[in-house]
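# Coordinates in review
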Amino acid sequence: MRIAVIGGLAAGPAAAAEAKRQAPDATVVLFEEGPHISVGTCEIPYLIGGRLEPGTDLVVLTPDEIRRTRGVDARVRHRVTALDPGRGRLTVEALHFGSTTEEPFDRFILATGARARRLGVDGEDAAGVFTVRNLVDTHAILRWLDTEPVRHVVVVGGGYIGLEMAEAMRERGLRATILDPNGRVLGNTVACEASDLMNEAVAAAGVAVRAERVTAILADDDGRVRAVRTDRGELVGCQMVVVSVGVEPRVELAQAAGIRLGDRGGVAVDDQMRTSARRVWACGDVVEIPRAPDGRRVLWPLATTARRTARVAARNATGTADRFRPFAGAVGVRAFGVEVGSVGLSLAQAEDAGLDAVATDVRHLSRTAAFPEASPIDVRLVTERGTGRLLGGQLVGAEGAALRSDVLVPLVARGATVRELAEDLDLLYNPPLAPAVDPLKVAASRAMRD
Ligand SMILES: Cc1cc2nc3c(=O)[nH]c(=O)nc-3n(C[C@H](O)[C@H](O)[C@H](O)COP(=O)(O)OP(=O)(O)OC[C@H]3O[C@@H](n4cnc5c(N)ncnc54)[C@H](O)[C@@H]3O)c2cc1C
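Residues numbered from 1 in each chain as written. Predicted model: local features only at pLDDT ≥ 70, side-chain atom pairs only at ≥ 80, totals over all residues. Heavy atoms only, no water.

Bringing the domain arrangement of the protein into the picture now. Under the domain assignment, the protein is made up of domain 1 (2-38 + 58-113 + 249-317), domain 2 (118-245) and domain 3 (337-449). A separation of 36 Å is found between the C-alpha centroids of domain 1 and domain 3. Taken residue by residue, the interface counts five residues in domain 1 and nine residues in domain 3. Interface area lost by domain 1 to domain 3 is led by Arg291, Pro293 and Arg296, which between them contribute 71%. Counting every contact that joins domain 1 to domain 3 gives one salt bridge. Across the pair arginine 296 and aspartate 352 runs a salt bridge, and its minimum N-O distance is 3.5 Å. The tally of links from domain 1 across to domain 3 stands at two residue pairs in polar contact (both at pLDDT 80 or more). Looking at side-chain class alone, the side of domain 1 that touches domain 3 contains two nonpolar, no polar and three charged residues. (Domains from an automatic or database assignment. Contact = heavy atoms within 4.5 Å. Buried area = accessible area lost by both parts, 1.4 Å probe. Salt bridge = Lys/Arg side-chain N within 4 Å of Asp/Glu carboxyl O. Polar contact = N/O pair within 3.5 Å; in protein donor to acceptor, adjacent residues only side chain to side chain. Nonpolar A, V, L, I, M, F, W, Y, C, P; charged D, E, K, R; others polar.)

Okay, here's the thing in structure tokens:
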């Protein structure tokens with residue numbers, strides 16, 4: 001059996017390795033158009049900010065290593081330009097040589113991921129305007145920072161990557177401004193809708209968050225960025241722009257092969273990660289997957305679910321039945337000394353999903369009050385009115401917030417109630433670690449009364 005895996009960053013290598021594990025006799029070929037496979041992209045902001053030693057290698061596995069240790073034939077700088085599942089053929093362009101060949105395969109796993117969304121405004125091609133998606137972007141950003149007289153960086157988008165990039169710029173001693181129409185950070189995916197702790201920390205670090213959209217990017221005569229214009233008609237001078245306004249799935253290959261897309265524009269898959277085409281499975285940022293609280297299929301571009309969808313796709317592609325169970329949606333970020341953990345739906349998302357939801361907010365301490373290090377944790381639990389079903393929760397605080405939110409993952413995934421959290425679960429108590437009644441349990445008890 002010959003299996004082709006298309007895309008080699010996170011989902012692709014995971015799928016290829018799992019396919020080889022399940023079917024050791026199969027030939028598994030991984031195609032990646034870029035120069036690397038298997039990169040720790042999530043660490044990029046920390047390399048840029050200097051938290052990681054300069055030169056730290058973010059490549060987890062080289063093509064040689066994946067060949068030696070997993071038996072996967074990895075081909076970098078090979079772009080798949082066409083997929084013909086009916087004939088069992090891939091058209092592959094070897095970017096080094098400029099040659100194009102057709103190769104036969106029995107099964108295909110699409111892991112083409114997502115690309116950083118662009119603003120679509122005039123001037124976006126100016127030198128010094130970057131998106132952050134891969135190591136090629138990272139090296140370009142580092143080169144710009146090392147060689148240009150950068151003093152002020154405009155970060156467009158206050159999501160978790162925008163926030164991490166703004167922190168990285170501050171750590172390099174630069175001025176940073178975030179432009180986000182919400183006028184606050186983490187308004188969307190990493191909902192911290194009930195807490196101001198992160199926004200206060202961002203402001204205290206000297207990063208302004210302006211509720212403005214970029215309408216144009218202006219450059220000097222030599223093509224270097226010098227300012228952004230906003231929808232308020234303001235000009236914000238800068239020597240670098242980081243555009244971090246989300247991602248869009250890379251579906252062109254699937255679409256050209258006649259594979260069905262879902263409502264959100266990603267590749268539609270069933271619970272086995274099977275696409276609408278025979279012999280084609282898909283995984284990672286390119287697919288739409290069901291979220292636990294309401295079963296809605298959405299794009300959820302995170303490495304955690306990329307790996308899990310990859311495993312399911314590879315198992316089914318090699319004949320071992322496996323099913324993707326809806327995801328709880330855990331996402332976290334730590335920046336400017338504050339952490340946020342968010343699981344499941346925010347109140348706004350629950351309402352948007354048509355659920356009759358109610359939010360309960362409490363502030364409680366991270367440790368027992370006797371400890372001077374104890375700091376407030378803001379907890380918001382989102383529950384279904386009437387049933388008490390836990391739909392989601394967000395925790396924000398200087399310590400113990402993000403990982404504590406992981407407690408909610410199995411609860412949200414299986415539709416547990418707040419009563420279970422309040423009354424049946426003994427969360428740990430130890431004075432330097434957590435107070436006698438954990439902030440999550442305090443919130444759950446309150447939610448039972450709301
Ligand atoms: C700065 C940053 C920080 C992040 N932090 C976190 C975090 O803290 N936690 C978390 O869970 N997630 C995080 N993520 C998200 C995570 O990196 C992605 O969810 C993950 O990379 C998705 O993996 P993927 O393989 O599906 O897609 P991608 O990473 O997009 O990889 C797809 C690959 O396919 C290749 N490709 C596409 N089309 C073709 C073709 N036709 N032929 C050949 N190759 C092709 C592309 O070149 C690309 O390398 C972060 C992402 C970024 C950018």
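Right, picking up where we left off after that structure.
On to empty space enclosed by the protein, then. Under the criterion given, the structure shown has one cavity of 30 Å³ or more. By volume, the largest cavity is sized at about 50 Å³. Among the elements that make up the lining of the largest cavity, the one with the highest residue count is helix H8 (residues 303-317) (three residues). When the residues that make up the lining of the largest cavity are grouped by side-chain class, the tally is five nonpolar, three polar and one charged. (1 Å grid on protein atoms, 1.4 Å probe; cavity = no way out; pocket = protein on both sides within 12 Å on 5 of 7 lines; lining within 4 Å. Points joined across faces, edges and corners; volume = space filled by probe spheres on them. Helix = DSSP H or I, 4+ residues; strand = E, 2+ residues; numbered from the N terminus.)

Attention now goes to the site of the ligand. Ala11, Glu32, Thr41, Arg133 and Asp285 are the nearest of the 30 residues found near the ligand. Residue alanine 114 places a main-chain N or O atom 3.2 Å away from an oxygen atom belonging to the ligand. Interatomic distance of 2.9 Å between a backbone N/O atom of alanine 303 and an oxygen atom of the ligand. Notes on the ligand: free accessible area 1,000 Å², of which the protein chains cover 90%. (Near = heavy atom within 4 Å. Areas by Shrake-Rupley, 256 points an atom, 1.4 Å probe, with all protein chains shown as cover.)

Glancing now at the environment of proline 439. Residue placement: proline 439 occurs in helix H13 (residues 439-449). For proline 439, a relative accessible area of 0% puts it in the buried group. With 280 residues separating them in the primary sequence, proline 439 and glycine 159 have C-alpha atoms 25 Å apart. When neighbours within four sequence positions are excluded, proline 439 is seen to be in contact with Val362, His364, Leu365, Ile377, Val379 and Arg404. (Buried < 20%, exposed > 50% of the residue type's maximum accessible area, 1.4 Å probe, protein only.)

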